There are 2 protein chains.
Amino acid sequence: MNQVFLQALSRQATPYTPVWLMRQAGRYLPEYRATRARAGSFLALAKTPELACEVTMQPLDRYPLLDAAILFSDILTIPDAMGLGLYFAEGEGPRFERRIESEADVAALPLPDMEADLGYVMDAVRLIRSTLNGRVPLIGFSGSPWTLACYMVEGGGSDDFRRVKTLMYKRPDLMLELLRRNAKAVAAYLNAQIQAGAQAVMIFDTWGGVLPDGLFQKFSLASMRWVHDALIRERSEAGVPTPVPSIVFTKGGGLWLEEIAAIGCDALGVDWTVNLGAARARVGNRVALQGNLDPMALMADPAQVQAQALKVLESFGIPQQGVGHVFNLGHGISQFTDPEMVTALLEAVRDYSTKQRAGSTRS
Amino acid sequence: MNQVFLQALSRQATPYTPVWLMRQAGRYLPEYRATRARAGSFLALAKTPELACEVTMQPLDRYPLLDAAILFSDILTIPDAMGLGLYFAEGEGPRFERRIESEADVAALPLPDMEADLGYVMDAVRLIRSTLNGRVPLIGFSGSPWTLACYMVEGGGSDDFRRVKTLMYKRPDLMLELLRRNAKAVAAYLNAQIQAGAQAVMIFDTWGGVLPDGLFQKFSLASMRWVHDALIRERSEAGVPTPVPSIVFTKGGGLWLEEIAAIGCDALGVDWTVNLGAARARVGNRVALQGNLDPMALMADPAQVQAQALKVLESFGIPQQGVGHVFNLGHGISQFTDPEMVTALLEAVRDYSTKQRAGSTRS
């Protein structure tokens, strides 16, 4: 198996900088749009293991230079399994039929059964693992407890997070109870994915960055620590204990890297506002870093895409034993991306990072 | 005149921490909504000096504890004066009739005449200054060159800034030319406001935080430096030279505070993700800080609002000679704010910050 991604996460020396792209199985690929059309809806796609496996494999088939696969699924499967009724209105983002508003609503939230309620996710993980057949590692994922809470309280996406923040400011005790329940579910969900075959897990703290300093730590970060405290840290691979690294990505969390690095994770995802060299100086001896090209850089011409990719690699510097870098975007790839630009990007990352290690570049 | 705001900006000792609120003249006030209804449209309100003056004064009349007034205007007056045709579609944000797409579009952008094209703004400044009659200082403002460019290239608001970033990545030279023109206009605009009576100016770099590290510095920060290089730093107040401080607010710019502090501004606005104590340690001997309560904290009960306000004051610590703090929100006040909560906030800031200086608090 191509182990370069897992080696980088455990901060071992690697022959080149491994790369995968957030939302690499997605709308920018014509083959994805074809499968999505066949499925009839996004949710049908996410809930049918064979189709989820199909789209997970598509970018790997198209781009041999990708170093990891990531489970194709929705970020809101857990609240859906808790009974909130996830749906997608045409042309809009995710919505829930029922919002969390009261103490009774929180108390009524069940811990989903991972096989009975979320078996379609575990089936997808098992199917993808067997389809991958050792090509590259498979990443499982979940939304963070806070990010799930945002959607559960808002009833969908939000511009100002008014409902969820009102609950947090007015009823911090109730918000913590909601986060405790979410954290239990997230930990069980990630552990079930690990048992089903996920070789690394990533927590998408998409909305951690909307919290004030102090409250990020008290609510989002604390609940991600609870998840880590309950996380299976190794799985048995053919009888051999194998570590399962975790990646935490708080979008807009660049000011809190030291604190995120201390919750027990193996790597930090960082967005494009972060200087990778500065981040490495702050936390590079404790966790690996993943990121952080602006997805919009892919809107330029191939030579410009490559120049921006080199800047990211140069900013990190040469990875050595003890520091690790996984190249990625700083957010999901845009649906408007020309697939050819991904080819240009992946080639640039492989070529330049190989040369960096050989000492034949200026950095 | 109440000079506490200006004293804090120039990092002199103050008897308490001065406070004003971004968008303090706004939809959360019933008296604002009444004037807005009389005006017929938001643009009519912004373009009629008497009405702009009226709404500017409303929060000051309601809240005697406010330490500054800010010109009521729109952030997009400059591109409108450049001929792009600003309008507001019902229930939507600002839009332009013409977008900037090509080299020819940029080359055709005129430098507006500050009295002929933007005289309604200068008339408002003069009228507000005379109406204020020395009660509190008047802040003038502009969008940053980059923030204006975002709207000019996107043709309105955006979720992903795809058009403006595509232009930046594909034609960095053309983006710099657009920013150069915007910076000239912004500097002329702020200087005209200063000449009309503005006693401080603020640059709203609302979208600087969507840029990657490196490109923020090259595009948004560089163009704000050009503005500062051309800024009138003192005005003549009854024949006496009086300094005119500037405040730069890059939302989401917490990672770049040292660099922003170096462009010649007097104060940094910071959003609520920033720890004020840490920010003070980073830049407090060079610039004052302004911020940074989460506007959504005002959705809670009065005692909770006050507790959150104290946290902000405690986070900054006691201002002394050489460091300055202006209390504010970390973004504009929400239209859903109960005006009573603003009273609770302002009282808490005045009371607690007075006690802090007397040494009768625990911080």
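Residues numbered from 1 in each chain as written. Chains lettered and ligands numbered in written order. Predicted model: local features only at pLDDT ≥ 70, side-chain atom pairs only at ≥ 80, totals over all residues.

### What to know about the overall build of chain A
Short version of the rule: Going along the chain from the N terminus, every DSSP run of H or I of four or more residues is numbered as a helix, and every run of E of two or more is numbered as a strand. A radius of gyration in this sense is built from C-alpha atoms; the matching globule rule multiplies 2.2 Å by the number of residues raised to 0.38. We call a residue exposed when 12 or fewer other C-beta atoms sit within 10 Å of its C-beta, buried when the count reaches 20 or more, and partly exposed for counts in between; the C-beta positions come from the backbone. Contacts here follow a simple rule: the backbone-placed C-beta atoms of the two residues must lie within 7 Å.
Per the secondary structure count, chain A includes 15 helices and eleven strands. Relative to a compact globule of 363 residues, whose C-alpha radius of gyration would be 21 Å, chain A shows 20 Å and is just as compact. A principal-axis box enclosing the C-alpha atoms of chain A has dimensions of 65 × 45 × 45 Å. Taken across its 363 residues, chain A has 54% of its residues classed as buried. In chain A, 71% of the contacts between residues at least 6 apart in sequence involve partners at least 24 apart.

### Some details on the relation of the copies chain B and chain A
Threshold: Here the copies are matched by least squares. The fit uses the C-alpha atoms of residues with pLDDT of at least 70 in both.
Mapping chain B onto chain A calls for a screw motion: a turn of 180° about the axis and a shift of 0.0 Å along it, with 0.0 Å RMSD after fitting. Both copies of the chain, as the preceding transformation shows, are related through a two-fold rotation axis. Closest to the rotation axis within chain B is the C-alpha of Leu255(B), separated from it by 3.2 Å. Comparing interface residues between copies, 100% of those in chain B also lie at the interface in chain A; the contact surface is shared.

### Focus: the sheet that holds strand E1 (residues 69-70) of chain A
Backbone hydrogen bonds are what pair the strands of a sheet, in a parallel or an antiparallel way. Residue and element names in this part refer to chain A. To keep it simple, the criterion reads: The pairing criterion for strands is at least two bridges between them, as found by DSSP.
The strand order across the open sheet formed by seven strands is E1-E4-E5-E8-E9-E10-E11, and the pairing between neighbours is parallel. Edge positions in the sheet fall to E1 and strand E11 (325-329), since each has one partner strand and no second. Note that strand E10 (residues 288-293) and E11 share five bridges and pair parallel. Paired with Gln290 across the bridge in E11 is Val326.

### Structural notes on the nonpolar core
What tends to happen in soluble globular proteins is that the nonpolar side chains get buried as a cluster. Defined as follows: Put simply, a nonpolar core is buried Ala, Val, Leu, Ile, Met, Phe, Trp, Tyr and Cys residues tied into one set by C-beta atoms within 7 Å.
If you look at the biggest cluster of nonpolar residues, it comprises 255 residues, and the most contacted ones within it are Leu71(A), Ile139(A), Leu268(A), Leu71(B), Ile139(B) and Leu268(B). Setting aside chain neighbours within four positions, we find Leu268(A) in contact with Val248(A), Leu257(A), Ile260(A), Ala261(A), Val283(A), Val287(A), Leu289(A) and Gln290(A).

### Focus: the confidence of the model for chain A
Going by this rule: Scored from 0 to 100, pLDDT records how confident the predictor is in each individual residue.
For chain A, mean pLDDT is 96; residues scoring 70 or higher make up 99% of the total. For this predicted complex, the interface score ipTM comes out at 0.96, while the overall pTM is 0.97.

### Some remarks on the environment of Arg286(B)
All names here are of chain B. Within the secondary structure, Arg286 is located in the loop between helix H13 (276-283) and strand E10 (288-293). Its 16 C-beta neighbours within 10 Å are what place Arg286 among the partly exposed residues. Along the primary structure Arg286 and Leu76 are separated by 210 residues, whereas in three dimensions their C-alpha atoms are 30 Å apart.

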